[in-house]
Amino acid sequence: GSWNRQAFSRDELLRDLQGADLSTRATASSIGRDVEVFLRTYVPARATRSVAVEDTLDCPLVELHLLREDPTERRYEFVRGPKPSLDNATLGFALLEFWQRVAPERDSLSFAEILRHPGSPGRVFKLDDDSLVARFEDVARWSHKALLHDDTAGVRQLLRRKRVDPMDWLRRELSAPRSS
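So, a few notes on the structure that sits alongside this text. Just so it is clear, the structure is predicted and the values come from calculations on it, not from any experiment. All residue numbers refer to position in the chain's written sequence, counted from 1. For this predicted model, a pLDDT threshold of at least 70 governs which residues receive local features, and a threshold of 80 or more governs which side-chain atom pairs are given and counted, while totals over whole chains, interfaces and linings are taken from all residues. Remark: hydrogens and water are excluded; side-chain values derive from all non-hydrogen atoms of the structure.

1. Side note on the overall build of the protein
Across its full length, the protein carries 8 helices and 6 strands. Secondary structure counts use DSSP, requiring at least four H or I residues in a row for a helix and at least two E residues in a row for a strand, with both numbered from the N terminus. For the protein, the N- to C-terminal ordering of α and β elements is β-α-α-β-β-α-β-α-α-α-α-β-β-α. Restricting the contact set of the protein to residue pairs at least 6 apart, pairs at least 24 apart contribute 53%. Note on contacts: a residue pair is in contact if any heavy atoms of the two residues lie within 4.5 Å.

2. Here we look at the sheet that holds strand β6 (residues 155-160)
Pairing between two strands requires that DSSP report at least two bridges joining them. Here we have 3 strands laid out as an open sheet, ordered β4-β6-β5, and antiparallel in their pairing. Across the chains shown, the open sheet's two edge strands, defined by having one partner strand only, are β4 (108-110) and β5 (147-152). Each neighbouring strand pair of the sheet contributes to a mean axis angle of 30°, computed without reference to strand direction. Comment: axis = line fitted to C-alpha atoms, over the contacting stretch for helices; angle = value between 0 and 180 degrees taken between N-to-C directions. Against the sheet, helix α3 (residues 88-102) makes contact with β4, β5 and β6, and its axis sits at roughly 90° relative to β6, the strand it touches most.

3. Thoughts on the side chain of R135
Summarising the element assignment, R135 is placed in helix α6 (residues 129-136). A 1.4 Å probe rolled over the protein chains alone gives each residue an accessible area, and that area as a share of the maximum for its type sets the label: buried under 20%, exposed over 50%, partly exposed in between. Think of it this way: Lys and Arg go in the positive column, Asp and Glu in the negative one, and His and the chain ends go nowhere. Every case where a carboxyl oxygen of Asp or Glu lies within 4 Å of a side-chain nitrogen of Lys or Arg is listed as a salt bridge. No salt bridge is formed by the buried R135, whose closest oppositely charged neighbour, D87, lies at an N-O distance of 6.3 Å. Here a polar contact is recorded for every N or O atom pair within 3.5 Å, except that within protein the pair must consist of a potential hydrogen donor and a potential acceptor, and residues adjacent in sequence are included only if both atoms are side-chain atoms. Only 3.3 Å separates the side chain of R135 from the backbone oxygen of K83, close enough to count as a polar contact. When residues no more than four places from it in sequence are discounted, the contact partners of R135 are K83, L86, D87, N88, L91 and W142.

4. So, the packing of aromatic side chains
Centres within 6.5 Å are what make two rings of Phe, Tyr or Trp a pair, Trp counting through its six-membered ring; a difference in plane orientation under 30 degrees is then read as stacked, over 60 as edge-to-face, and the rest as tilted. Applying the stated rule across the entire model yields 6 aromatic pairs. Judged by centre distance (5.5 Å) and plane angle (45°), the rings of F8 and F78 are tilted. Here F78 lies in strand β3 (residues 75-78) and F8 lies in strand β1 (residues 7-9), a separation of 70 residues in the sequence. Using a relative accessible area of 10% as the deciding quantity, one classes F78 as buried.

5. Quick word on the packing of α3 against helix α8 (residues 166-175)
Contact pair α3 / α8: the axes reach a minimum separation of 8 Å and the direction vectors enclose 170°. Considered as vectors, α3 and α8 are oriented roughly antiparallel to each other. Facing N88, A89, G92, F93, L96, E97 and Q100 of α3, the residues of α8 in contact are P166, M167, W169, L170 and E173. Taken together, the residues of the contact of α3 with α8 break down into 7 nonpolar, 3 polar and 2 charged. The scheme is simple: roughly parallel for angles under 35 degrees, roughly antiparallel for over 145, roughly perpendicular for 65 to 115, oblique for anything else. For this classification, Asp, Glu, Lys and Arg are treated as charged, while Ala, Val, Leu, Ile, Met, Phe, Trp, Tyr, Cys and Pro are nonpolar and the rest, including Gly, are polar.

In short, the description is geometric, and any link to function would need to be established separately.
Below, the structure written as structure tokens:
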């Protein structure tokens, strides 16, 4: 959620992580393994002659379509835009957790903050402006009126009508019956 590259190679990611000021000093081989895990978490695996079919089972996060691989160029690119597989329970949790972390005392957040701030839901889930607006036009319904979308005088923002703990939100959403 804080890395700004749109496209990158495995080596560029490894080099940037090795140069980052990390709280723990990891070895190059450890960071290399972490990069492999990260890529396999978000990029679908491909079966080959040397890779067994059972080793191509994908992580559920692949369904978010956040990362795309160009195998001929051996590069990866973040995919911005709508995320139909991102449900409102997860988006709501991420939004509430972000709000609690960056502006707990405020009862409004601008769309720009939600879209572009490091660690924001828009940045983490690679949503574009139109996708975020579309998701939040109906926020009063899916947030049970805890949040409202406001577009007064051309200023797009979310208003918090009641404070909800992110973990309480998630527990409630996960225990609610699913409608078809």
